[in-house]
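Listed below, chain by chain, are the residues.
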Amino acid sequence: MIRLGLAGYPLQHSLSPALHGAALQACGLDGAYSLYPIQAGDTEALGRLIECIRTGELNGLNVTIPHKQRVMKFLDGLTPAAHAIGAVNTVHLKDGRVLGDNTDAPGFLTDLRAFFPNPRSAIVLGAGGAARAVTYVLWSIGCKVAVAARRVQQARELAGRFAGVKPMELSLQAMRDASAGLIVNTTPVGTFPAVENRPWPDGLPFPENAAIYDLIYNPSETALLKDARAAGLRAISGQGMLVEQAALAFELWTGHRVGREVLIDSIRQVAG
Ligand code: NAP
């Protein structure tokens with residue numbers, strides 16, 4: 001019996017149970033993926049869950065908001081990617097050590113490569129946990145990156161981790177002259193149920209010929225993506241990244257590689 005799960009709060013809209021349930025079934029494995037709603041202040045509960053990985057009661061754990069950073073103090077080590085990003089989304093036991101990894105970064109890179117193989121310049125909207133993974137990836141492949149956040153101090157803190165990354169305020173005024181080949185939304189603005197909201201400043205035209213990558217996966221077509229397509233730009237949702245990061249975590253935990261189409265089908269059934 002393979003026991004997997006997700007720690008975070010809130011969790012009721014998570015697609016991970018559908019993804020990993022489908023993966024277990026497709027690989028013919030007997031197992032379960034459970035939700036562990038743990039509020040921000042309850043670090044003791046988080047620590048107890050990590051102990052379950054150490055004892056083998058749990059075979060793998062995903063970690064999401066608000067624990068991607070605070071989980072690190074319970075771990076024996078981090079992969080180089082998790083260390084550089086400063087956030088963990090996947091925990092597993094290797095050679096008796098509880099390790100933290102970040103599959104958001106390779107998940108984003110794999111999906112990006114299919115959409116836009118070699119971006120030269122990008123603007124990342126938002127400066128939270130997902131922005132760190134995205135910025136790390138873009139920076140690693142030699143793309144010139146600007147991070148735009150409504151709290152410019154948060155953008156400065158993120159940019160400070162990666163040499164040459166430029167912070168800016170996410171506003172019409174500050175971004176008037178900004179140009180880039182790729183725009184990546186890492187804010188939750190436009191997520192279900194507030195689907196009419198947009199992270200791109202009102203009244204600001206998109207840079208000419210830019211491509212838009214929205215990390216949001218529910219809905220699969222955000223207002224930002226609709227605007228971009230209406231302006232004749234290429235645009236893609238975060239469903240591919242979601243599938244990739246889940247498949248990579250599943251492989252770490254079980255050693256099984258799962259077909260991406262199985263995972264795509266599972267979220268289409270839930271999220272449309
Ligand atoms: P997070 O750590 O809370 O960061 C969110 C960022 O968005 C912060 O910079 C936040 O700024 C900013 N933000 C929030 N509301 C805003 C608003 N109204 N206007 C402008 N900026 C705003 O969250 P996260 O973990 O990075 O996740 C962000 C999004 O990415 C979520 O929708 C998540 O589902 C998605 N995601 C998708 C995948 C995937 O596989 N497709 C993977 C990871 C995350 P403040 O701090 O000022 O609020």
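For the structure, see preceding data.
For the structure given in this document, a descriptive report is provided here. (Residues numbered from 1 in each chain as written. Predicted model: local features only at pLDDT ≥ 70, side-chain atom pairs only at ≥ 80, totals over all residues. Heavy atoms only, no water.)

Looking now at helix α9 (residues 260-271). Between its terminal C-alpha atoms α9 stretches 16 Å, which fits the 16 Å expected from twelve residues at 1.5 Å a residue. Restricting attention to buried positions, one finds in α9 the residues Arg260, Leu263, Ser266, Ile267 and Ala271. Projected onto a plane normal to the axis of α9, the buried residues spread over an arc of 125 degrees and lie on a single side. With respect to the buried face of α9, the exposed residues turned more than 90 degrees away are Glu261, Arg268 and Gln269. For α9, the elements touching its buried residues are α1 (16-26) and α8 (239-254). (Helix = DSSP H or I, 4+ residues; strand = E, 2+ residues; numbered from the N terminus. Expected span 1.5 Å × (residues − 1). Buried < 20%, exposed > 50% of the residue type's maximum accessible area, 1.4 Å probe, protein only. Arc of directions from axis to C-beta. Contact = heavy atoms within 4.5 Å.)

Across the interface, α1 lies against α9 with an axial gap of 9 Å and an inter-helix angle of 140 degrees. Relative to α9, α1 is oriented oblique. Considering only the axes of α1 and α9, their crossing is right-handed. Here Ala18, Leu19, Ala22, Ala23 and Ala26 of α1 come into contact with α9, specifically with Val262, Leu263, Ser266, Ile267 and Val270. Looking at the contact of α1 with α9, its residues break down into nine nonpolar, one polar and no charged. (Axes fitted to C-alpha atoms, helices over the stretch in contact; angles between N-to-C directions. Parallel < 35°, antiparallel > 145°, perpendicular 65-115°, else oblique. Left-handed = near helix turned anticlockwise from the far one by under 90°. Nonpolar A, V, L, I, M, F, W, Y, C, P; charged D, E, K, R; others polar.)

For Thr222, the position within the fold is in the loop between β11 (211-214) and α7 (223-230). At a separation of 2.7 Å, a polar atom in the side chain of Thr222 contacts the side chain of Asp214. Setting aside chain neighbours within four positions, we find Thr222 in contact with Gly190, Asp214 and Ile216. (Polar contact = N/O pair within 3.5 Å; in protein donor to acceptor, adjacent residues only side chain to side chain.)

This part takes up the nonpolar core. Phe108, Leu138, Val147, Leu182, Val184 and Tyr213 are the most contacted members of the largest nonpolar core, which has 32 residues in total. It is helix α5 (residues 129-140) that provides the largest number of residues to this core, a total of six residues. Those residues within four positions of Leu138 in sequence are excluded, and the remaining contacts are Phe108, Leu112, Pro119, Ala122, Val124, Cys143, Val145, Leu182 and Val184. Cys27, Leu242, Trp253 and Ile267 belong to the second largest nonpolar core, which has 21 residues in total. (Core = buried A, V, L, I, M, F, W, Y, C linked by side-chain atoms within 4.5 Å.)

A few words now on the site of the ligand. As a structural note, the neighbourhood of the ligand is formed by 21 residues, with Ala127, Ala130, Arg150, Arg151 and Gln154 the closest of them. Within the side chain of Gln154, a nitrogen or oxygen atom sits 2.8 Å from an oxygen atom of the ligand. Take Gly238: an N or O atom from its main chain is 3.0 Å from a nitrogen atom of the ligand. The protein chains hide 76% of the 930 Å² of surface that the ligand would expose on its own. Elements with a minimum of two residues in the shell around the ligand: α5 and α8. If one sorts the elements of the shell around the ligand by residue count, α8 sits on top with three residues. Looking at the shell around the ligand residue by residue, the class counts come to nine nonpolar, nine polar and three charged. (Near = heavy atom within 4 Å. Areas by Shrake-Rupley, 256 points an atom, 1.4 Å probe, with all protein chains shown as cover.)

Glycine aside, residues mostly have negative phi, and peptide bonds are mostly found in the trans state. The residue after Tyr9, namely Pro10, is reached through a cis peptide bond having omega -5 degrees. Of the consecutive residues Ile65 and Pro66, the connecting peptide bond is found in the cis state with omega at 10 degrees. Residue position: Pro66 is located in the loop between β3 (60-63) and β4 (77-78). The phi dihedral of Asp95 falls on the positive side, at around 50 degrees, and the residue is not glycine. Turning to its location among the elements, Asp95 is positioned in the loop between β5 (90-94) and β6 (97-101). Accessibility expressed as a relative area gives 74% for Asp95, which makes it exposed.

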